[in-house]
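As a plain string of letters, each chain reads:
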Amino acid sequence: QVQLVESGGGSVQAGASLRMSCRASGRTFGNLGMGWFRRAPGNEREFVASISWSGTTTNYADSVKGRFTISRDNAKNTLYLQMYSLKPEDTAVYYCAASTVVRPTPTSWYEYWGQGTQVTVSS
């Protein structure tokens with residue numbers, strides 16, 4: 001089992017930056033591929049970004065490419081999502097997720113999920 005706890009969401013103005021964290025426990029973090037997803041009101045959950053176990057391979061949704069950066073610190077069992085130039089359409093609940101696929105892609109299966117953290121971007 002893996003427990004995931006997100007933090008760092010909040011309410012910001014358009015153009016602002018936020019960094020979210022996801023602390024993992026219960027299983028060797030360095031053996032897991034990780035991802036960020038989001039769900040906006042009335043929408044399906046969508047892929048945002050993923051990162052391989054080593055941090056060397058990343059994938060991004062087109063909508064966030066160039067604005068968001070996913071990273072991880074295996075020594076701290078923590079996943080990050082740095083978000084720049086936030087837009088109102090980035091408003092969503094953001095979830096971190098863990099996969100036993102060590103180099104996950106946008107369509108990989110993620111076995112473990114956090115509870116989510118709200119990001120609200122106002123214009």
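Scroll up to find the structure.
Note that the coordinates shown come from a computational prediction; the quantities given were computed from them, not determined experimentally.

What the chain contains, in helices and strands, is zero helices and eleven strands. Overall, the C-alpha framework of the chain stretches about 40 × 25 × 25 Å when taken along its three principal axes. For the chain, buried positions account for 46% of its 123 residues. Relative to all contacts within the chain whose residues are 6 or more apart in sequence, the contacts with residues 24 or more apart total 59%. About 6100 Å² of surface is accessible on the chain, with carbon and sulfur atoms providing 47% of the total. Of the charged side chains in the chain, 12 are positive and 8 negative, and the gap between their average positions amounts to 7 Å.

All told, the structure shown has four salt bridges when counted by the stated rule. Notably, a salt bridge pairs Arg 38 with Asp 90, separated by 2.9 Å at the nearest N-O pair. Note that Arg 38 is positioned in strand β4 (residues 33-39) and Asp 90 in the loop between β8 (78-83) and β9 (92-99), a separation of 52 residues in sequence. Summarising the burial analysis for this pair, Arg 38 and Asp 90 share the class buried. Look at the salt bridges and you will find they share partners, linking Arg 38, Glu 46, Arg 67 and Asp 90 into a network.

Criteria and thresholds
- Residues numbered from 1 in each chain as written.
- Predicted model: local features only at pLDDT ≥ 70, side-chain atom pairs only at ≥ 80, totals over all residues.
- Heavy atoms only, no water.
- Helix = DSSP H or I, 4+ residues; strand = E, 2+ residues; numbered from the N terminus.
- Buried < 20%, exposed > 50% of the residue type's maximum accessible area, 1.4 Å probe, protein only.
- Contact = heavy atoms within 4.5 Å.
- Areas by Shrake-Rupley, 256 points an atom, 1.4 Å probe, with all protein chains shown as cover.
- Lys, Arg positive; Asp, Glu negative; His and termini not counted.
- Charge placed at Lys NZ, Arg CZ, Asp CG, Glu CD.
- Salt bridge = Lys/Arg side-chain N within 4 Å of Asp/Glu carboxyl O.

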